[in-house]
Amino acid sequence: MSYIFAYKIMCLGKTVELAAFVISISTICIGSFIMVARMKALTQIIGLLVMENGIFLAASAIIGGMPFFVEIALFFDIFVFVIIIEIFVYKVNRLFTHIDTSRMKSLKG
Amino acid sequence: MFILLIILIPFVLSLLALAIKKEKILGIINAFGYAILFGMCLLFTKNFISGGSVPINLWKTFYIDSLSVFFILTTAIVALAASIYSVGYIGVEVKEGVISARKAGGYFHLFNLFCFTMLVVPLLNNLAMVWITIEMTTLVSAFLVGFHNVKESIEAAWKYIIICSVGITFALLGVIFFYYTSSVNAGINSLNWTRMIEGAHLFDHNVVKIAFLFIIVGYGTKAGLAPMHNWLPDAHSQALSPISGLLSGVLLKISLYAILRFVILANIALGYAFCSKLLIIFGLFSVAVAAGFILVQRDLKRLLAYSSVENIGLATLGIGLGPYGGIFAGLLHIFNHAVVKAFMFFCAGEAVRVYRTNSIFKIRGMLQCMPFTAVAMFLGLFALVGLPPFAIFISKLSIIISAFKGRYYFVSALMLIFIALAFAGLLHHITRVILGNKPQTVERPKELLSTKIALLFLGIFILGLGLWTPPVFCDLLTNCQKIIFSFAENPGH
């Protein structure tokens, strides 16, 4: 599917670019799958980071990376994200006595 | 330069919040800071309009046109009301021992950082930087959602941060696709919006279509459009009430602003039909889903949150109907909804504070308990559902008019049905909350002065804009409409 996407829509010519882009799209798909399928809080974070990895690979595959300043800022953003989400994992662990997100079901409807 | 001074205010205030220990003094300083910010914004808007609305481009990093000014003005108004409301709200929470004085300082620190990030978003020229600042708003406000450190609020904060981050990651992919097509097809090696707009007519059609889909799903998650709205009622119901007002009033609109920037790019490349179709579908679906959930709601703040989903859907629908005057209507609706929803959340916050529950079945007889807030909430309810003398009536009507103008009869019929359903649901639930006999256990509290001031301040806009639109504001909206269409009028295809 990623291959068709890369080949038909993006019209990538060179083989190296094509391969890298296909891999990056697959990585993004796998990342989102991990997020949906796993119930542990930590694995959800891992899924998100896998997705971010895929996006960076896509960026460097098709356009040779983002402008320098933007990349630094993105890196900083993800760094802050990880720190903040770890604080939340700590809180979830303390309050729910486990980091299983399927225990969160008091808010519905 | 002046505008940069404006956005420096919340930053300075956030540092002050760490230095000052007394929460009462801190709250008052905070409110004064935002009053100054609001005054400066008004002055800036007036100068901007009288100077012919020429876009300001500072060092290629900041780009300010009518669209940015409109969103900054909305943010400033809601932020001022929220900061006034916070003075009393946080004071009482500290007095009752719900939060400690040290945490109150933390609250004001985060509040200011949150406002700072939201004010920066409309100023930036670089689309990746816009993405980063929008992600920052999520990260900062997650602490404000999970402020109480109990199971429900942590759950809401977790959902909020995870769903919004994933959504916005897709938006980043969309940004990268836009960058790809602009560098390959148009030869512009820059993420600056002003540069990309020059070559937008050369963009590759398929890539732009895919990219715009990613953008609308990604930023749509943050804006609370229907299939991706799950975080919204949780976060809004668990956040502190001033923050609920800010989340619903401004945060959702800021990501709509990001979508608008891409709508302009995609319009030039594809013509309006493609974006229009997508925006109408998402908007209508949001209205439909929200109308259903409003009818069966049992939680007062969740009810208001679903009403936000409905209204954001209407605004999106308005923007989708752009060629028929829908942009004007949509933006007017964004402004009106921001003001009214903040107003309603402040009233609901007072009710929740006094009754110590969110449940609609337990909050009864507000009129006996706190007359001023109850009357305000009643009027706010009429404004929210769109009854005449209030401002939302005009914007809803003009969205419907533009739908008829565009011969979208089916869409407008469906929209009217869903609006009527939401109208019935809101009226049913909220009148039950306001009228009736109050429970014996609840004593009559003292109504806070700061709440009254905040409600009156927002009330001026709710009623005033319904009766008379200031020419400056009208010019601003017309200019926004022009920005979205002036580029699209000379397509390259």
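Residues numbered from 1 in each chain as written. Chains lettered and ligands numbered in written order. Predicted model: local features only at pLDDT ≥ 70, side-chain atom pairs only at ≥ 80, totals over all residues.

Summing up its helical and strand segments, chain A has four helices and zero strands in all. Starting at the N terminus and walking to the C terminus, you meet the elements of chain A as α-α-α-α. For chain A, with 109 residues in total, the buried portion stands at 31%. Here the contacts in chain A between residues at least 6 apart in sequence split such that 48% fall between residues at least 24 apart. (Helix = DSSP H or I, 4+ residues; strand = E, 2+ residues; numbered from the N terminus. Buried ≥ 20, exposed ≤ 12 C-beta atoms within 10 Å, placed from the backbone. Contact = placed C-beta atoms within 7 Å.)

Broken down by element type, chain B carries 19 helices and two strands. By its C-alpha atoms, chain B is 70 × 55 × 45 Å across when sized along the principal axes. Counting the 493 residues in chain B, one finds 63% classified as buried. Once local pairs closer than 6 in sequence are excluded, the contacts in chain B between residues at least 24 apart make up 80%.

The next point concerns the interface of chain B and chain A. The accessible area lost on association of the parts is a frequent measure of interface size. On the side of chain A, 32 residues touch chain B, which itself brings 33 residues to the contact. Elements supplying a minimum of two residues to the side of chain B that touches chain A: α5 (127-145), α6 (151-184) and α8 (205-223) of chain B. Sort the elements by how many residues they give to the side of chain B that touches chain A and α6(B) lands first, with 18 residues. Here the side of chain B that touches chain A is built from residues that sort into 22 nonpolar, six polar and five charged. (Nonpolar A, V, L, I, M, F, W, Y, C, P; charged D, E, K, R; others polar.)

Right, let's get into helix α4 (residues 101-120) of chain B. For α4(B), which comprises 20 residues, the first-to-last C-alpha distance of 29 Å matches the rise-based estimate of 28 Å (1.5 Å per residue) to within 8%. Of all 20 residues making up α4(B), 14 are buried, and the element is well covered by its neighbours. (Expected span 1.5 Å × (residues − 1).)

All names here are of chain B. Put simply, helix α10 (residues 241-270) and helix α12 (residues 300-320) touch, their axes get as near as 11 Å, and they point 20° apart. Here α10 is positioned roughly parallel relative to α12, judged by the angle of their axes. As for the relative orientation of α10 and α12, their crossing is right-handed in sense. Along its contact with α10, which presents S244, S248, L252, L256, L260 and V263, the element α12 presents K301, A305, S308, I312, A315 and I319. By residue class, the composition of the contact of α10 with α12 is eight nonpolar, three polar and one charged. (Axes fitted to C-alpha atoms, helices over the stretch in contact; angles between N-to-C directions. Parallel < 35°, antiparallel > 145°, perpendicular 65-115°, else oblique. Left-handed = near helix turned anticlockwise from the far one by under 90°.)

The next point concerns unusual backbone geometry. Backbone phi values are negative for most residues with the exception of glycine, while trans is the configuration of most peptide bonds. Of note in the backbone geometry, B:R407 takes a positive phi value of approximately 60° without being a glycine. One can find B:R407 in the loop between α16 (391-405) and α17 (409-434).

A separate point is the environment of B:L240. All names here are of chain B. With respect to the helices and strands, L240 occurs in the loop between α9 (231-238) and α10. With 22 C-beta atoms packed within 10 Å, L240 lands in the buried category. Once the C-alpha coordinates of L240 and K362 are considered, the two residues, 122 residues apart in sequence, prove to be 20 Å apart. If near-sequence neighbours (up to four positions away) are discounted, L240 is found in contact with L144 and F147.

What follows deals with the packing of helix α2 (residues 23-50) of chain B against helix α3 (residues 66-95) of chain B. All names here are of chain B. Orientation of α2 relative to α3, taken along the N-to-C sense of each, is 165°, at an axis distance of 9 Å. Comparing their axes, α3 and α2 come out roughly antiparallel. For the pair α2 and α3, the crossing hand works out as left-handed. A breakdown of the residues in the contact of α2 with α3 according to their chemical character gives 19 nonpolar, six polar and two charged.

On to the confidence of the model for chain B. Detail in the predicted coordinates should be disregarded across regions flagged by low pLDDT. Residue and element names in this part refer to chain B. Mean pLDDT for chain B: 82, with 98% of residues reaching 70 or above. Per-element confidence in chain B ranges from a low mean pLDDT of 74 for strand β1 (residues 56-58) to a high of 88 for α12. Among the scores for the predicted complex, ipTM is 0.81 and pTM is 0.85. (pLDDT = per-residue confidence, 0-100.)

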